[in-house]
Amino acid sequence: MGKNLVQKILEEHLVDGSLTEGEEIGIRIDQTLTQDATGTMAYLQFESMGVPRVKTKLSISYIDHNTLQQGFENADDHRYLQTVAYKHGIKYSKAGNGICHQVNLERIGRPGWTLLGSDSHTPTGGGIGMISIGAGGLDIAVAMAGGAFYMPRPKVVAVKLTGKLKPWVSSKDIILKVLEIMTTKGNVGVIVEYIGDGVETLEVPQRATITNMGAELGVTTSVFPSDEKTRQFLKAQGREDHFRELKADADASYDKVIEINLDELVPMTAKPHSPGNIDTIKNLEGMKVNQVLVGSCTNSSYRDLMIVASALKGKKIHPDVSFGVAPGSRQVLDMIAENGALVDMVKAGARILESACGFCIGAGQSPETNAISLRTNNRNFYGRSGTDSAQVYLVSPETAVAAALTGKITVPSELGEYPTVENPEKFYIDDSMIIEPINETDMAQAEVVRGPNIGNPPATDPLMETITGEATLKVGDKITTDHIMPAGARLKYRSNIPKYSEFVFEGVDSTFATRCFTNKDKKIANFIIGGKSYGQGSSREHAAICPMYLDVKAVVVQSFERIHKANLINFGILPLTFVNEADLEKIDQSDELELTDIRKAVETKGDIFLTNKTKGIKIPLNLEVSDRQRETLLDGGTLNYMSKRA
Ligand code: MIC
Ligand code: SF4
């Protein structure tokens, strides 16, 4: 029987396990990427492994998240990242060169390669036929040191696209439709492969919007075939030699097939406060809008911005709307500057923002109290914009520009004729902001510069025999990593774990960290109790490192999301689930809890019971992990596991 594209690429990279049986596979990683908010920890961990030069085909460090630089911390991080990259054979993309996923698609990624990135939107690379996966910084460090990346043996779900999008309907609407069908829950371990005639109608940037926001499904990654469109894109990027045709066999099979007819799609949105809360624009027509922002790694390509600029040409932004545009890369910015589209936007009243993550991560552009904000990015989690009372709607660039002009949610086709955007024959190419690493002979002399805000990641202890502690926090469903570790104004503490730890669960319960510290002093462990899909969202391993620093020893929930669960294991925190979901009700916050003989149970795959001493009951729990992960937990995390075996 024929193979699907996922099987083909994974088979080429398989170093451990099998694609047909078992729980986990290990794959070789061709490329890694990091960004500055997760990168410092990744490189500190890499440095601790004592490997002089990265062992991947290509590794690159991007600066795009913390570019506001209020205080010295971010700039110090950037200097550290540049010097550590220079020394260890890693390319470095300077602040201002653009958002990691956009630049990687344009200038770096290659069809058929595996890419591991310390950012959950790394799957953007699937737009050019890469298997690109988001993971915690420690997993990236391991890959840079030549280690395999482990993941659950994937189920492959095909999304079959037929037909062609109507004018003003966007690829963003395709992924919002997929989110409506698949939802943000229950897709752990799935890889989505796009197939069908509709694929040919989509350009690479449109495909990348879809694979980017696949992250919100909670899948491992999403991938498109590498075809004629991919060749044209790479050729226009001056990289035709990187093209490789890749597609599924005609008789390939899938675990499941979902069909979407592009002819039938209409403009959609994800309503507050989840990317899975899908509705049509038609249903919300007329709602007054205060802020409109175009940008982020989902929708900031040349094509996206040209559509926006064309729609704005000769018109003015509505007086009550604040409208901002952040081009995804310096390439995009340069091209719209050269061809006059930037002027059209400025004349219309747009605020031009830096080519960086910016508003998407709450770094600037926090909207007014109770604002309705329409944004083209991928996440609208509660509080992420920096204004808790704001209502953020995720939309396409087409829908965004329509609202910017009318001041209310508007079906974009009302703007009239749909602008046609020609594919550039040649993109503007200037890689001078990507700094090449030092040659191998001079490596020893290169100095790594560490500012005062940069500290080594804290060490972890092997798993204890018995864990006694408190249910320090009980939370509900869909807790995101933004709930656990706030970004925005707190981002600058990413390299300072003791300081950043003071803000764990800040927006949920501002007393949490203090209560953990009190318990830590009394040698009482902290437990977090929660509902379904715990740890949705980002790859930030700080959502595990900082709780570890606070002596959180176990997280007991109804279900976990993939990246966060892996991060917990990497830092020696037990990820436990209820055997009977209803048992969540048997634990209240502040209850005294105990995991007796837990070390032995992990070692021997024995039954695990949590004793609720306050209520005098025992609750059965599951530990769904691979054998490798069991050993990692026993050792107290991945760094200990690796140094023991080195
Ligand atoms: C995000 O979109 O939430 C981020 C910021 O890019 C994160 C990474 C981080 O927290 O640094 C992600 O998606 O992984
Ligand atoms: Fe940056 Fe936003 Fe993309 Fe995350 S989702 S990488 S913050 S643009």
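As a reminder, the structure under discussion sits directly above these lines.
Residues numbered from 1 in each chain as written. Chains lettered and ligands numbered in written order. Predicted model: local features only at pLDDT ≥ 70, side-chain atom pairs only at ≥ 80, totals over all residues. Heavy atoms only, no water.

The local shell around ligand 1 holds 14 residues, among which His65, Asp119, Ser120, Ser539 and Arg540 are the closest. Between ligand 1 and the protein, one listed contact pairs an oxygen atom with a side-chain N or O atom of Arg494 at 2.8 Å. Partitioned by chemical class, the residues of the shell around ligand 1 number 2 nonpolar, 7 polar and 5 charged. (Near = heavy atom within 4 Å. Polar contact = N/O pair within 3.5 Å; in protein donor to acceptor, adjacent residues only side chain to side chain. Nonpolar A, V, L, I, M, F, W, Y, C, P; charged D, E, K, R; others polar.)

Remember that side chains alternate between the two faces of the sheet whenever the strand is regular. Taking every second residue as pointing to the same face, both faces of strand E15 (residues 291-294) are buried, with Gln291 and Leu293 on one and Val292 and Val294 on the other. In this view, the connection linking E15 to its parallel neighbour strand E16 (residues 322-325) by way of helix H10 (residues 302-312) has right-handed handedness. Of the strand pairs in this sheet, E15 and strand E18 (residues 372-375) are connected by 3 bridges, and their pairing is parallel. Of the residues in E18, the one forming a bridge with Val292 is Leu374. (Buried < 20%, exposed > 50% of the residue type's maximum accessible area, 1.4 Å probe, protein only. Helix = DSSP H or I, 4+ residues; strand = E, 2+ residues; numbered from the N terminus. Right-handed = clockwise from strand over helix to strand, strands pointing away. Pairing = 2+ DSSP bridges.)

What follows is about the site of ligand 2. Ligand 2 sits among His65, His101, Asp119, His121, Ser296, Cys297, Cys357, Cys360, Ile361, Asn378 and Arg384. For the shell around ligand 2, a count of residues per class yields 4 nonpolar, 5 polar and 2 charged.

Attention now goes to the environment of Pro397. Here Pro397 is to be found in helix H13 (residues 397-406). Along the backbone, Pro397 and Phe323 are 74 residues apart, and their C-alpha atoms lie at a distance of 12 Å. With residues near it in sequence (within four places) discarded, Pro397 still touches Ser170, Asn299, Asp304, Val308 and Thr376. (Contact = heavy atoms within 4.5 Å.)

Another point: the pairing of strand E23 (residues 552-557). Of all 6 residues in E23, 5 are buried; the element is thus mostly enclosed. For the crossover that starts at strand E22 (residues 525-529), traverses helix H17 (residues 542-549) and ends in the parallel E23, the hand is right-handed. The handedness of the E23 to strand E24 (residues 574-578) crossover, carried by helix H18 (residues 562-570), is right-handed.

By the secondary structure assignment, Arg239 is in the loop between helix H8 (228-236) and strand E12 (256-261). This buried residue, Arg239, is left without a salt bridge; Asp241 holds the nearest opposite charge, at 7.2 Å. Within polar-contact distance, the side chain of Arg239 engages the backbone oxygen of Leu105 at 3.1 Å. Leaving out residues up to four positions away in the same chain, Arg239 has contacts with Asn104, Leu105, Glu106, Arg107, Ile108, Gly109, Arg110 and Leu234. (Lys, Arg positive; Asp, Glu negative; His and termini not counted. Salt bridge = Lys/Arg side-chain N within 4 Å of Asp/Glu carboxyl O.)

As summarised here, the arrangement of the 7 strands in space is E21-E22-E23-E24-E27-E26-E25, forming a closed barrel in which the pairing is mixed. Along the sheet, successive strands turn relative to each other by an average axial angle of 40°, direction set aside. Alignment of E22 against E23, held across 4 bridges, turns out to be parallel. Within E23, the position partnered with Asn526 by the bridge is Val552. (Axes fitted to C-alpha atoms, helices over the stretch in contact; angles between N-to-C directions.)

The next point concerns unusual backbone geometry. Following Pro272, the chain continues into His273 via a peptide bond in cis, with omega recorded as -10°. Locating His273 in the fold gives a position in the loop between strand E13 (268-270) and strand E14 (278-280). Phi at Asn370 is positive, roughly 60°, even though this residue is not glycine. Mapped onto the secondary structure, Asn370 falls in the loop between strand E17 (351-352) and E18. Given the relative accessible area of 54%, Asn370 is considered exposed. The phi torsion at Ser590 lies on the positive side, around 80°, for a residue other than glycine. Relative to the helices and strands, Ser590 is located in the loop between E24 and strand E25 (592-595). The partly exposed category is assigned to Ser590, whose relative accessible area is 47%.

If you walk across this open sheet you meet the 3 strands as E1-E2-E8, and the pairing is antiparallel. Strands with a single pairing partner mark the edges of an open sheet, and in this sheet they are strand E1 (14-16) and strand E8 (149-152). Going across the sheet, the axis of each strand differs from the next one's by a mean of 45°, ignoring polarity. Summarising the sheet, strand E2 (residues 24-27) and E8 pair through 4 bridges and their orientation is antiparallel.

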